[in-house]
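One letter stands for each residue in the lines below.
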Amino acid sequence: MCSYQFLGQRSTNQRVRIEFMDFDLFSGGAHCPYDRLTIHDGATEQDPVISTNCGPQRGLIVFSSQENLFISFITNRSGGENRGFHAIFEFSENYVNLEFITAGEHVRGTECDQRILSTGRSNGIIKSPNSPFLYQPNVECRYFIEGLNNAEDLERVRLTVEMFRMPQLLGAEKGDCSAGGLTVWFTGVESRSSGPSDTTQTTLCGTPNLPLPALFSADSKILLKFYSGTTQGLGFRILYQFETYFKVPGIAHPDSNICEFRFQSGPHIKSGDFHSPRHPANYPPNTNCTYIFEGAANEQARLEFDLFRLSGDGNYNNDCQNQDYVDIFETSAVDSRQRRRDMLIGRYCGTAMPAPIISRFGVHDLKLRFVTDATGVTNGFRGRYMFQPAEPTFSATKGCGENIRNQTHGRIAFPDFPDGEKSVSKYTVSRV
């Protein structure tokens, strides 16, 4: 066993950088059980481990968090087929001071990468290196921001730029970020850009006019990379927020933690898809979600389900008690103050898929309420909504009959009764 101890000067805020020019140890597996080189973030082997390395390595560079670094090299195998390692080191106070990391934790072994994990709908501020002062030239820092993603919680990340000043080169065109910038990968995975049409990432630079549109992760993670060239600036200040992510299409409620979505008819929008939260994955427990389908004044709303599978033993013959269920309502205004009244069409649970549902003539909107309990989840439901021209249940295009509303009694008769002549039918309505 060989050990290497690197001791810098704390008084000048030195850090240690080690770059391995050649690295070739015997590889005995993922955990390096035989020959290995272990790097500790401190002066002794009792300090936290940055990494344990074996096999061939390329581009291995390690930074200490403070002034000291400790390396141990162990070989448990006879033979000399592998070259070993060769590295260069440097003590310097010019590396990034980690005091700018206030929201997350420094990723050990890197110069200035940080990781931020949600504690549940939490938020905070991320800043450029050396903030609030000018950032250093030729620096690269990553920000790994991760929301909750488990059986009960799924969060996405919202970024709001509060300040951004990363000067471009003199005479550079708009969008030329070669002098420095901030690249955002919405998937949380770093990759090369495939061109201007690549929607998985974007790069900010210069001094854009604020406010900028908020940026959202594609799922629960987002990755940012700050990089500087020879120019310097004040950098950025960004608010990050973890918000509940239901992954439901439609217009979300302004409060992202409320599961409510609207699907509105428009000149070019007469149909679309809807589904349970997180579908095709399982929906979360303890959920109460509302879907509102709003047709125009001369339309009726229609829902058709392609898949319906809720947790529980519900069928067409029970009342869906003590299990997950879907309620579907007709909803309409009752007065000039836009107060609304909901009329229950039906409650559905288990695998009892609803038949196609259409609002009555004169009713333009439907509402779906999805309620789950604390036990058992499935992949839920998937369906389509349509807004179609309003037509009476009985009309000239559909044949005989008429709509009967706001009457307590009357008479109905078969067409042509009793003389074989067509006449206006009378009706009788009784309440049961």
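Below you will find a few notes about this structure. Per chain, the residues get numbers from 1 upward, laid out in the order the sequence is written. Local features in a predicted model are, by the rule used here, given only for residues with pLDDT of at least 70; side-chain atom pairs are given and counted only at 80 or more, and totals for whole chains, interfaces and linings are based on all residues. Excluding hydrogens and water, the side-chain figures rest on all heavy atoms present in the structure.

Examined bridge by bridge, strand 12 (residues 155-165) and strand 17 (residues 235-244) share ten bridges and lie antiparallel to one another. Note on strand 17: the bridge partner recorded for R165 is G235. Pairing between strands requires that DSSP locate at least two bridges from one strand to the other. Per the convention used, a helix needs a DSSP run of H or I reaching at least four residues, while a strand needs a run of E reaching at least two, with both numbered from the N terminus. Here strand 12 runs beside strand 15 (residues 215-216); their pairing, made up of two bridges, is antiparallel. Bridge pairing links L159 to L215 in strand 15.

Time to look at the packing of aromatic side chains. Working definition: rings of Phe, Tyr and Trp (its six-membered ring) pair if their centres are within 6.5 Å, and the pair is stacked with planes under 30 degrees apart, edge-to-face with planes over 60 apart, and tilted otherwise. A full pass over the atoms with the stated rule returns 31 aromatic pairs. Seen from their ring centres, F274 and Y291 are 6.4 Å apart, and the 65 degrees between their planes marks the pair as edge-to-face. Here the residue F274 occupies a position in strand 20 (residues 271-275), and Y291 occupies one in strand 21 (residues 288-294), the gap between them amounting to 17 residues. Like Y291, F274 is buried. Taking the centre distance of 6.4 Å and the plane angle of 20 degrees together, the rings of F308 and F381 count as stacked. For each residue, the accessible area found with a 1.4 Å probe, counting protein chains only, is set against the maximum for its type, and the residue is called buried under 20%, exposed over 50%, and partly exposed in between.

Moving on to the state of the cysteines. Defined by distance alone, a disulfide is two cysteine sulfur atoms within 2.5 Å. In this structure the tally under the stated criterion is five disulfides. The disulfide partner of C112 is C141, and the S-S distance across this bridge is 1.8 Å. As the torsion about the S-S bond is roughly -95 degrees, the C112-C141 disulfide counts as left-handed. One end of the pair, C112, is in the loop between strand 8 (105-106) and strand 9 (114-117); the other, C141, is in strand 11 (residues 140-146), with 29 residues separating them in the sequence. By the burial criterion, C112 is buried, and C141 matches it. What pairs with C177 in a disulfide is C205, and their sulfur atoms sit 2.1 Å apart. Of note, the bridge from C177 to C205 carries an S-S torsion of about -70 degrees and is left-handed in sense. Note that C177 is positioned in the loop between strand 12 and strand 13 (180-185) and C205 in the loop between strand 14 (201-204) and strand 15, a separation of 28 residues in sequence. When the cysteines engaged in disulfides are numbered in sequence order, the protein pairs them as 1-2, 3-4, 5-6, 7-8, 9-10.

For the rest of this paragraph, the subject is the environment of E190. Secondary-structure assignment places E190 in the loop between strand 13 and strand 14. Classification of E190 as partly exposed rests on a relative accessible area of 35%. Each C-alpha atom, one on E190 and one on I222, is 9.6 Å from the other, the two residues being 32 residues apart in sequence. Every residue pair with non-hydrogen atoms within 4.5 Å of one another is taken to be in contact. Leave out the neighbours within four places in its chain, and E190 touches R142, W185, L223 and K225. Of the polar contacts made by the side chain of E190, one reaches the side chain of R142; its length is 2.8 Å. Here a polar contact is recorded for every N or O atom pair within 3.5 Å, except that within protein the pair must consist of a potential hydrogen donor and a potential acceptor, and residues adjacent in sequence are included only if both atoms are side-chain atoms.

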